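# Inside the fold
Take a look at the letters that make up each chain.
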Amino acid sequence: CGIYAMKPSFGRVSLEGVKHYAPSLDTVTWFARSASDLVLAAQAIGAVAEVPRAPAIRALRIGLCETPLWKEATPEAQAVLHAAGTALKAAGAVVRRVTLPPAFARVNEQHNVLMEGEGGIGFKALAAARGALLADDFKAQAANRKGFTAAQLRAAHDYFAARRIEFETLFGRIDALLM
């Protein structure tokens, strides 16, 4: 769409002043009209002290990953991902296909447990005090209408802890992952 965005690594930007939704997932991100504006914003809020020099494309190792949800992507989205990989390879980057282990197939399901479970906790007091001002999905989370249990929430936290370790082990030598 022509808009640049940056999602910093988890924990790199303070969430002070932000309404917590799901603390395990919350990050601050920003949008800009150019990559250089993203850098200015990152510097202004202290996310980076100095801008690292971008490596030469020929030095990059890129993983091209068709996720477990690949079949749900539109043909156009699939084509764009492969075109990006082809363009990077033509520019000299090392591009190789990578595969996520089967355990990653549950990422969306477990993400939903975290978002709904933690979101319900985060919105409970607000729903009690000012529920009429909240959209129904927030009220539903605060009321735990989907019935998520504490055990499910703990299991989702454990699931993601295991996936982070697995991901780093598998892809720690890749500079960027296209997915």
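We now turn to the structure provided with this report.

Calculation criteria
Residues numbered from 1 in each chain as written. Predicted model: local features only at pLDDT ≥ 70, side-chain atom pairs only at ≥ 80, totals over all residues. Heavy atoms only, no water. Helix = DSSP H or I, 4+ residues; strand = E, 2+ residues; numbered from the N terminus. Buried < 20%, exposed > 50% of the residue type's maximum accessible area, 1.4 Å probe, protein only. Lys, Arg positive; Asp, Glu negative; His and termini not counted. Salt bridge = Lys/Arg side-chain N within 4 Å of Asp/Glu carboxyl O. Polar contact = N/O pair within 3.5 Å; in protein donor to acceptor, adjacent residues only side chain to side chain. Contact = heavy atoms within 4.5 Å. Pairing = 2+ DSSP bridges. Axes fitted to C-alpha atoms, helices over the stretch in contact; angles between N-to-C directions.

Moving on, we get to the side chain of Asp 26. Checked against the element boundaries, Asp 26 lands in the loop between strand 1 (4-6) and strand 2 (30-32). As a buried residue without a salt bridge, Asp 26 has its nearest oppositely charged side chain in Lys 19, at a separation of 8.1 Å. A polar contact is formed between the side chain of Asp 26 and the backbone nitrogen of Tyr 21, at a distance of 2.8 Å. The contacts of Asp 26, once residues within four sequence positions are left out, are Phe 10, Leu 15, Lys 19, His 20 and Tyr 21.

One open sheet holds the 3 strands; their spatial order is 4-3-5, and the pairing between them is parallel. Where the open sheet ends on each side, the last strands, each with one partner, are strand 4 (94-98) and strand 5 (176-178). Going from strand to strand, the sheet's axes swing by 30 degrees on average, the running direction of each strand aside.

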